[in-house]
Amino acid sequence: MFEISEKKKLAQDVYSVWVEAPKIAAHAQPGQFVIVIAEEDGERIPLTIVDKAEDKIRLIFQVVGKSTKKMATFENRDSFAHVVGPLGNPSEIEYYGTVLLIGGGIGVAPILPILKALKEKGNRVISIMGARTADLLILEDEFSQFSDKLIVTTDDGSKGIKGLVTDGMKKVVSDGEKIDKAWAIGPVIMMKFATKTAQELGFPIIVSLNPIMVDGTGMCGGCRVTVGDSVKFACVDGPEFEGELVGWDELLKRLGQYKVEEKESLEEKKK
Ligand code: FES
């Protein structure tokens, strides 16, 4: 069970794997995720289900800490100790008209299944992929295959527009596109500013939050976020929320609290 196949390195420290998980594959819908545990007693890592086939699911992860570093050493035929899911609510896939899909960094991966599903519903799909540099861009072929228009932005200008995804958003609108709905997934700071830009440009935006998760069932409170006037749990109430309702600054502060522990844990693993 949970055997890995077709492991591929997509960019520095970013890997794609297919994982045998027939029950999850049978029920997974765009926007949903799994929690993987690489080894018994290992950390629980939430990962979006990027694609599925009859008996397997595709996951994409970036090495950011001890457990993902372990996962990067897995080869084809190795197995995860546990994969739990599908978790979370599916994306609301409907016909909206023209939709804008914005993925930043590794956030491009969870955007892909939403992009494909919106396209299948007949939407005109415009995508923006952002990365720090050209060699960190992932899934460009898939994005150009399913998008009616694709914009690439890089911080250093090594590919596409030199700038941030928010510059791409402004360009789309100044080119005359009327956006009916948008999705943004990526680093929290990126989603915060994508939301601000969408508000200025006048269209609604959905974001997918992936804070620290432990149980994935609404019991531990680890993934708590403030949305509007209420406290929500990203694992059971989300992971998608309306961007303008998210308490971004509180979320950024909470995520910052774990940075030191994460670095220490990675250093420990190197010894
Ligand atoms: Fe524990 Fe969401 S992961 S409440």
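Residues numbered from 1 in each chain as written. Predicted model: local features only at pLDDT ≥ 70, side-chain atom pairs only at ≥ 80, totals over all residues. Heavy atoms only, no water.

## Observations concerning a negative patch on the surface
Here comes step 1: Together, Glu92, Glu94, Glu242 and Glu244 line one region of the surface with negative charge.
Here comes step 2: With respect to the secondary-structure elements, Glu92 resides in the loop between strand E7 (82-87) and strand E8 (98-104). (Patch = residues over 30% accessible without salt bridge, like charges linked within 9 Å, V, L, I, M, F, W, Y side chains within 5 Å. Areas by Shrake-Rupley, 256 points an atom, 1.4 Å probe, with all protein chains shown as cover. Salt bridge = Lys/Arg side-chain N within 4 Å of Asp/Glu carboxyl O. Lys, Arg positive; Asp, Glu negative; His and termini not counted. Charge placed at Lys NZ, Arg CZ, Asp CG, Glu CD. Helix = DSSP H or I, 4+ residues; strand = E, 2+ residues; numbered from the N terminus.)

## A look at the environment of Asp249
Here comes step 1: Here Asp249 shows up in helix H8 (residues 248-257).
Here comes step 2: Of the residues examined, Asp249 reaches a relative accessible area of 51% and is grouped as exposed.
Here comes step 3: It is 34 Å that separates the C-alpha atoms of Asp249 and Ser144, two residues lying 105 residues apart in sequence.
Here comes step 4: Side-chain polar atoms of Asp249 contact the side chain of Lys192, separated by 2.8 Å. (Buried < 20%, exposed > 50% of the residue type's maximum accessible area, 1.4 Å probe, protein only. Polar contact = N/O pair within 3.5 Å; in protein donor to acceptor, adjacent residues only side chain to side chain.)

## A word on the domain arrangement of the chain
By a widespread convention, an interface's size corresponds to the accessible area lost as its parts come together.
Here comes step 1: Looking at the assigned domains, one finds that the chain contains domain 1 (4-87), domain 2 (89-207) and domain 3 (209-264).
Here comes step 2: Centre-to-centre separation of domain 2 and domain 3, based on C-alpha positions: 22 Å.
Here comes step 3: Opposite the 14 residues of domain 2 that make contact, domain 3 presents 16 residues.
Here comes step 4: Of the roughly 1200 Å² buried between domain 2 and domain 3 on both sides combined, carbon and sulfur atoms contribute 60%.
Here comes step 5: On the surface where domain 2 and domain 3 come into contact, there are 1 salt bridge.
Here comes step 6: Remark: the boundary between domain 2 and domain 3 carries 8 residue pairs in polar contact (both at pLDDT 80 or more).
Here comes step 7: For the side of domain 2 that touches domain 3, the element with the most residues is helix H6 (residues 188-201), which contributes 6 residues. (Domains from an automatic or database assignment. Contact = heavy atoms within 4.5 Å. Buried area = accessible area lost by both parts, 1.4 Å probe.)

## Description of the sheet that holds strand E3 (residues 33-37)
Here comes step 1: Strand order in the open sheet formed by 3 strands is E4-E3-E7, with antiparallel pairing between adjacent strands. A strand with exactly one partner marks an edge of an open sheet, and here the two such strands are strand E4 (45-48) and E7. The average undirected angle you get between the axes of adjacent strands in this sheet is 25 degrees. (Pairing = 2+ DSSP bridges. Axes fitted to C-alpha atoms, helices over the stretch in contact; angles between N-to-C directions.)

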